[in-house]
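Inside the fold
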Protein chains: 2
Amino acid sequence: MKEDKLDLEYIFKRYLPDRFEREKKERISGEIIENIKSKLEKMGVEAEPMLVGSQSRGTELKNSDLDIFIVFSTKYSRKEMEDAGMEIGFEIFPEGTAKYAEHPYVSGIMEGVKVDIVPCFRVEMNRKIISSVDRTPLHTQFMRNAMDDEMRKEAILLKLFMKRQGIYGSELKTSGFSGYVCELIILKFKRFNSFIEYVSNLKGRLIIGDEDRTSKFNSPVVIIDPVDLGRNAAAAVSEGNLSILKTAAKFYNLNPCNFFFTFDEKIDRINRVERGTYMCLIRWKRPDIIDDILYPQLELSERNLKTLCETSGFHYINGYVNLDGENMEILIEMESGHLNRIEKREGPPVENQNSISFIRKYLDSDRRSRGPYVENGRVYFDLFRDETYFKDIFFKNIQKINFGHNINRLKGEIIFEDRLEKIRETRIYEMFLNFQRPVLPSGEYLNKN
Amino acid sequence: MKEDKLDLEYIFKRYLPDRFEREKKERISGEIIENIKSKLEKMGVEAEPMLVGSQSRGTELKNSDLDIFIVFSTKYSRKEMEDAGMEIGFEIFPEGTAKYAEHPYVSGIMEGVKVDIVPCFRVEMNRKIISSVDRTPLHTQFMRNAMDDEMRKEAILLKLFMKRQGIYGSELKTSGFSGYVCELIILKFKRFNSFIEYVSNLKGRLIIGDEDRTSKFNSPVVIIDPVDLGRNAAAAVSEGNLSILKTAAKFYNLNPCNFFFTFDEKIDRINRVERGTYMCLIRWKRPDIIDDILYPQLELSERNLKTLCETSGFHYINGYVNLDGENMEILIEMESGHLNRIEKREGPPVENQNSISFIRKYLDSDRRSRGPYVENGRVYFDLFRDETYFKDIFFKNIQKINFGHNINRLKGEIIFEDRLEKIRETRIYEMFLNFQRPVLPSGEYLNKN
């Protein structure tokens, strides 16, 4: 492995499609487009098939999917457009699957290549769009003209770099940089290295575009979309992912090397000594709902569980969320799953009349262990708790916890596990232990530089 | 018991000296003063004996001590004054004990009454004084003229009230209200009830005196001393004790009753259920040094142990200090005496260049359990700890802990106990459990009102 050297030829060879793959995809997409055209003609529908996505812009990686849109005239209703689009999709892929983004679409496989056939409306640049899907053909048209081959290679490097750090992709599960955003960045900075240099010293937000347009956005990353000047193309990027980018860029500058572009090696340098903490795993069977709807609810649930921990007196350390084809899972780590029998209960300031009712409430109560006493101008009691185990407190509060609209319905189907020997056997535990952002080469040779 | 009624006659009968005790003390103090006078004459020394303290001001409680000062002319040197004073003291009490405040003095017992014979210098009101002891005769002169019998009774009520709350006495161990301060308060408010009404609604500091004089003091309680207008007579009162007074006053107003003046009943309503916490007791044999020197050092030690707990990752709950004839003791209560094997270590913000060295330091270290990862713009690692038991961390850090000038010398002689079954047998544990401020009557009848 040449992880510790920079060898762009090696990188491109490894991650760009070879001549065989390119020719095969050109042939497949050409055939499908011709096929759609003739079907549209036969149906007398005013619409046009179009290859979109990274493939159409020349910035695709090895084994990428094909995205073919059918762009309908706006004279059709939404339903007419969707019905015709799905009909054609299923004619081409009789075994295909119906999927749902903003419009429904059909996904199929041809000669081992995954192909999505997506109906949308024709819109003009900077005109009111009907849905964000309709914008995609504009991105293709724009980017094809704007980039030369040199810039396409730089954009590919940036995409690989983002991918290595786990911050590539605008879906909510990742909240990262889309391929289109990477390309817009290269349009502005021309060279991958210039951008990395810039972002490694960046304080605060990443902003690209005229100030009179960018100033109305508050997101951590603001990049004006040239095909829709009122839109922030990078609205999906989270603050955490910008932070990861900044840090990774600093380390790339110290030691530019292949490591930062290569990502299918298994990282496993984890020290397996016990952490000595308490963990609990909350799991549901995944309902038939897409990632972009479930993932934000899982994150909300994780935040609300953190709040439950902290308000109940536990000491939260880490949380981790996993969403895969089978399960939705939340792993919570805290210092202990068991509270002291007593809690130190803070009352009002002594100068406040409420201090009287606070003292009255607990002075003769069975819950009183000790007090009242005064610290820093406030009244305190040491009180006995009713519940001391996290598991009990979790189930006692389960009706009050907001897991989000869809997951709330599954409160009765929660699988709760807090036996460490069981948790250690799960995949989420492995993922949690191995989680690392930024992803960095071994410190051993980092320190050599 | 008439705890829940207010019966002043009963209170005064119970706590004021009866005729027999008063006559006996007048006789004893008269005899001692005559005795001193004739000795001074014989020695040809220009000095005058004088009864001081609460006895001299008519505000003494039952079984109080006698304080007799010998007031020397300032023509003598400090050494001459002290030598002559001690000589006379030991002539009167050949079996007496030498004690040390600002000057040395002699303490003895006559017919069961404790008597202190204290030499000091004669000073005039509002003149530069040599030591605070010299001010005491001025307090006697001033207060005798300023108060009538009515006010003396009110002052006695206030002293009893303070005593009941454990905030009576200006020595550092108590940091409360001296008898003289109680009398000054009554001089201002005339009636005990007026003051309690006032203080129950007081926000912030308690200040008595002209603003141009009081404004230069920052203490929680400022009461200008009429015999030395540049002095705050209440400088000893801690903020915590003012808070206790405010709260107790609120409850007295709700239900004025004997409870607030009677204090030798044993309070023991403590629920004995286990607290489930970790406790450690640190103990030294008491060295031959006075309370006012040792007590602040014990408090300093307790604060520094709290800091050690918190910076090491433990969760401090309560601390308690005890100083008696035999021992100096600190009891620390925390959630657990054992830390997790890992700690979540916070690094610099990612935008800071230091984040690079932070990551380099731990990336390949044996201490790394997990990370780096980014939260709220900062880099974190989960690191393994070297030590996880409080006892080990305490002894590892013992040289660094500041216990105060005198106690630092006893670091080699610390007795450390953290077995709960042993701690449960100690007196400090009982005192800790029973500690209560403000002291309040049973909530049972409080709630009736």
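In what follows, the structure referred to is the one given above.
It should be emphasised that the depicted structure is a prediction, and the values quoted were computed from it without experimental measurement.

Calculation notes
- Residues numbered from 1 in each chain as written.
- Chains lettered and ligands numbered in written order.
- Predicted model: local features only at pLDDT ≥ 70, side-chain atom pairs only at ≥ 80, totals over all residues.
- Heavy atoms only, no water.
- Least-squares fit on C-alpha atoms with pLDDT ≥ 70 in both.
- Contact = heavy atoms within 4.5 Å.
- Buried area = accessible area lost by both parts, 1.4 Å probe.
- Salt bridge = Lys/Arg side-chain N within 4 Å of Asp/Glu carboxyl O.
- Buried < 20%, exposed > 50% of the residue type's maximum accessible area, 1.4 Å probe, protein only.
- Helix = DSSP H or I, 4+ residues; strand = E, 2+ residues; numbered from the N terminus.
- Arc of directions from axis to C-beta.
- Pairing = 2+ DSSP bridges.
- Axes fitted to C-alpha atoms, helices over the stretch in contact; angles between N-to-C directions.
- Phe/Tyr/Trp six-rings, centres within 6.5 Å; stacked < 30°, edge-to-face > 60°.
- Lys NZ or Arg CZ within 6 Å of the ring centre and 35° of its normal.

**Let's talk about the relation of the copies chain A and chain B**
- With an RMSD of 0.1 Å, the operation that places chain A on chain B is a rotation of 180° combined with a shift of 0.0 Å along the axis. Here the symmetry operator amounts to a two-fold rotation axis.
- A share of 100% of interface residues in chain A that are also interface residues in chain B marks the association as one of identical surfaces.

**Some words on the interface of chain A and chain B**
- Each partner contributes residues to the interface: chain A has 68 residues there, and chain B has 68 residues.
- When the buried surface of chain A facing chain B is broken down by residue, E351, R360 and R370 of chain A rank first, second and third, together holding 13% of it.
- At the junction of chain A and chain B, the tally comes to 4 salt bridges.
- As a salt-bridge pair, K246 of chain B and E351 of chain A come within 2.4 Å of each other at their nearest N and O atoms.

**Considerations on helix 13 (residues 390–397) of chain A**
All names here are of chain A.
- Turning to helix 13, its buried residues are F390, I393, F394 and N397. Buried residues of helix 13 fall within an arc of 105° about the axis and therefore sit on the same side.
- Lining the buried residues of helix 13 we find strand 9 (278–285), helix 11 (291–312), strand 11 (327–334) and strand 15 (415–417).

**As for the sheet that holds strand 1 (residues 47–52) of chain A**
All names here are of chain A.
- The mixed open sheet is built from 5 strands, whose spatial order is 1-2-5-4-3. At either margin of the open sheet sits one strand with a lone partner, and together these are strand 1 and strand 3 (97–100). In this sheet, adjacent strand axes meet at a mean angle of 30° when their direction is disregarded.
- As paired elements, strand 1 and strand 2 (residues 66–72) share 6 bridges and run antiparallel to each other. Across the sheet, the residue bridging to L51 is I68, located in strand 2.
- Here helix 4 (residues 78–92) sits on the sheet and contacts strand 2, strand 3, strand 4 (104–110) and strand 5 (113–121); the angle it forms with strand 5, its principal contact strand, is near 160°.

**Focus on the packing of aromatic side chains**
- What the rule picks out here adds up to 52 aromatic pairs over all chains.
- Centre to centre, the rings of F259 of chain A and F260 of chain A are 5.6 Å apart; their planes meet at 80°, and the pair counts as edge-to-face. Each of the two residues, F259 of chain A as well as F260 of chain A, counts as buried.
- Here the aromatic residues F161, F192, Y252, F259, F260 and F261 of chain A are joined through ring pairs into a cluster of three or more.
- The ring of F259 of chain A is capped by R164 of chain A, whose NZ or CZ atom sits 3.9 Å from the centre of that ring.
- Above the face of the Y373 of chain B ring, R370 of chain B is positioned so that its terminal group lies 4.8 Å from the ring centre.

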